[in-house]
Each structure stands twice: as structure tokens, then as C-alpha cells.
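# An overview of the molecular structure
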Amino acid sequence: MVTNAEHARKAILRSARRARKVGRITPAAAFALRHRCFPITYLIRNILTLQREDPWMHGSRRVQKNRLLRILEERARIFLEVSKWIREKSGGQGWRHQIESAIEGPSLPSGYCSHCGGCCEIASGFPDFPPDTAIPSRWQRLFGDGMGRGHRFCAFLWELDASGRSLCAIHPWRSNPCRVFEEEECDYFMKDLKTNPLFDPKAFSVTCRRLSHLINRG
Ligand code: SF4
């Protein structure tokens, strides 16, 4: 069965191909979007959140489109930068290595983590990294300050092999606050989700169509 995430990815990629041809998005953004770890699902959820906020609701279509394209380009830039860094750190194995360690562990806590990504849908976090961290100081600041206007999830949140599930791109090097978010915190978060769900699948599809449309139209 084709999942929501797969539908979304296909629709966005079709739009991005056309947008790339007419120069509406940069080649770098088009390249990043094609990557199976690019967080398309979280980008759509990001837009879903923005749609509920006043500045978005009251903005014209043109303003919405410009904001969206800016968010997309900024995401693509950090995604490509992190991918390059991981490739160097993992001796050229890159994102496949990240996926394998995420699926097989032991780098991710097993058993309770469903990779819903909800705990990483934060604009910023406390930038407290282990003292011997390899994470560049600029990225530590990025984690602390967030990616800027309109961004509603962590700069290092990726998608697990185009599945709609989450993958922390810097899991072995993540911050201390991320390390202390464990089963008990997850449980608490999940209980809250029962009353305040992350998103409704129908709204997700509608937003995905809207996003494709916005990327694609001049
Ligand atoms: S650094 Fe990783 S674990 Fe921490 S919020 Fe970002 S994606 Fe989630």
C-alpha cells in the first residue's frame, strides 16, 4: 500500500522537477529534495503548523509562496551541508550508514522509539553538547537558535529512507537534552499526542497538494 509519505514525496518531486526547469528553485534544492533522507514529511508538517498561524493565514498567495521557497532553500542548504559532514565522518559511507545504524541500533534506543519524529519537531533546543563533541560550533548555535523564521523542526531531523519516519542525522553526536529524552519522556509525549495529535492524515494530503502547487506555480 502506498503511504501518505510516499504520495507526498512523489507529488513534491514532480513539482520540484518542473520548478527546477524554470529556475524557481535552485539545483541544490532540487538535488536535496530527491534524497531519500530529505525530511519532506516534516516539511509538510511544518507547513501544516504555519497554516494555523496568523501571519500565514493573512499573507497573500505570493507572500506564502516566497516564504515557502525560502524555507525549502534553507532546509536544502543545511541538509547538504550535514550530508557532506556525515560522509566525511563515516569514511565515505554517508547516509546509508546512518540509516543502517538507526534501523539496527545500538545508536537508537530500541523498543519504544517509533520514529514518529514528534520529539524533534522543535524550532530550537538548549545547545548543551558533550564536551568532546565533534559538532561544529556553528551547528551548536543553529541547534540553540533554530533555523529562523518559519522553521518548526530541528535542523538535523531527517527522514528514514523516504518512509515518513524520523532519522536524527547527528544521532551519535547529538546534544545532551536529546540524550535525556528517553522512554519516560516519550511516554508522556505520546499521552499528550492522544489529545493533541501531530496532524490529521487528510490535512496532511491537502497540505501536500498545496505545497506542490505553490512550488510549481509562478
Ligand atoms: S539533534 Fe537529533 S535527536 Fe536532537 S532534536 Fe535534532 S533530530 Fe532530534
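To start, this report covers the structure provided alongside it. Source: prediction; values computed, not measured.

On to the nonpolar core. Counting residues in hydrophobic clusters, the biggest one holds 45 residues, and the most contacted among them are I12, I44, L157 and L211. Looking at this core, the elements with two or more residues in it are α1 (4-21), α2 (27-34), α3 (40-51), α5 (61-89), α7 (137-145), β1 (157-159), β2 (166-168) and α10 (201-216). Broken down by element, the residue count for this core peaks at seven residues, all from α3. Discounting chain neighbours no more than four positions away, the residues touching L211 are I12, I44, I47 and L68.

So, on to unusual backbone geometry. Even without being a glycine, H115 presents a positive backbone phi close to 60°. Judged by local crowding, H115 falls into the partly exposed class, with 17 C-beta atoms found within 10 Å.

A few words now on the site of the ligand. If you check the shell around the ligand, you find C120, I122, G125, C154, F156, L157, C168, I170, R174, S175 and C178 and nothing else. Residue composition of the shell around the ligand, grouped by class: eight nonpolar, two polar and one charged.

Here we take up the environment of C168. If you trace the backbone, C168 turns up in strand β2. Put simply, C168 and C120 are 48 residues apart on the chain and 8.4 Å apart in space, counted from C-alpha to C-alpha. Not counting the four nearest positions on each side in its chain, C168 is found in contact with C120, F156, L157 and R174.

For the pair α2 and α5, the least separation of the axes is 9 Å and the interaxial angle reads 70°. In terms of their interaxial angle, α2 and α5 are classed as roughly perpendicular. As α2 runs across α5, the sense of the crossing is left-handed. Along its contact with α2, which presents A28, A29, A32 and L33, the element α5 presents L72, E73, A76, R77, F79 and L80. A per-class count over the contact of α2 with α5 returns eight nonpolar, no polar and two charged.

Another aspect to go through is the environment of F38. Relative to the helices and strands, F38 resides in the loop between α2 and α3. Overall, F38 belongs to the buried group, with 25 C-beta atoms counted inside 10 Å.

Turning our attention to the packing of α3 against α10. As a packed pair, α3 and α10 sit with axes 9 Å apart at the nearest point and diverge in direction by 95°. It follows from the interaxial angle that α3 and α10 lie roughly perpendicular. The segment α3 lies against α10, with I44, I47, L48 and Q51 engaging A203, F204, T207, C208 and L211. Of the residues contributing to the contact of α3 with α10, the split by class is seven nonpolar, two polar and no charged.

Let us now look at α7. Given 3.6 residues per turn, any residue in an α-helix points the same way as the ones three and four places further on. Looking at α7, one finds that the buried residues are W139, L142 and F143. For α7, the arc enclosing every buried residue in end-on projection is 100°, short of the 170-degree limit, so these residues lie on one face. In α7, the exposed positions angled more than 90 degrees off the buried face are occupied by S137, R138, R141 and D145. At the C-terminal side of α7, G146 shows a positive phi close to 85°.

Reading the values: rules and limits
Going along each chain's sequence as written, the residues are numbered from 1 onward. Residue-level local features of this predicted model are given only where pLDDT is at least 70; pairs of side-chain atoms are given and counted only at 80 or more, and the full residue set underlies all totals for whole chains, interfaces and linings. What we call a nonpolar core is a set of buried Ala, Val, Leu, Ile, Met, Phe, Trp, Tyr and Cys residues whose membership is set by joining through C-beta atoms within 7 Å. Neighbour density around each residue's C-beta defines its exposure: 20 or more other C-beta atoms within 10 Å make it buried, 12 or fewer make it exposed, and counts between make it partly exposed, where C-beta atoms are placed from the backbone. Strands here mean DSSP runs of E at least two residues long; helices mean DSSP runs of H or I at least four residues long; both are numbered from the N terminus. Residue pairs qualify as contacts under a 7 Å threshold applied to their C-beta atoms, which are placed from the backbone. As used in this record, a residue near a molecule or strand is one whose C-beta atom, placed from the backbone, is within 6 Å of it. For this scheme, ten residues count as nonpolar: Ala, Val, Leu, Ile, Met, Phe, Trp, Tyr, Cys and Pro. Four count as charged, namely Asp, Glu, Lys and Arg, and the remainder, Gly too, count as polar. Fitted lines through C-alpha atoms give the axes, limited to the stretch in contact for helices. The angle between two N-to-C directions lies from 0 to 180 degrees. To sort the angles, those under 35 degrees are grouped as roughly parallel, those over 145 as roughly antiparallel, those from 65 to 115 as roughly perpendicular, and the leftovers as oblique. Whether a crossing is left-handed or right-handed is set by the direction in which the near helix is turned from the far one by less than a right angle, anticlockwise for left-handed and clockwise for right-handed. Directions drawn from the helix axis to the C-beta atoms are what define this arc.

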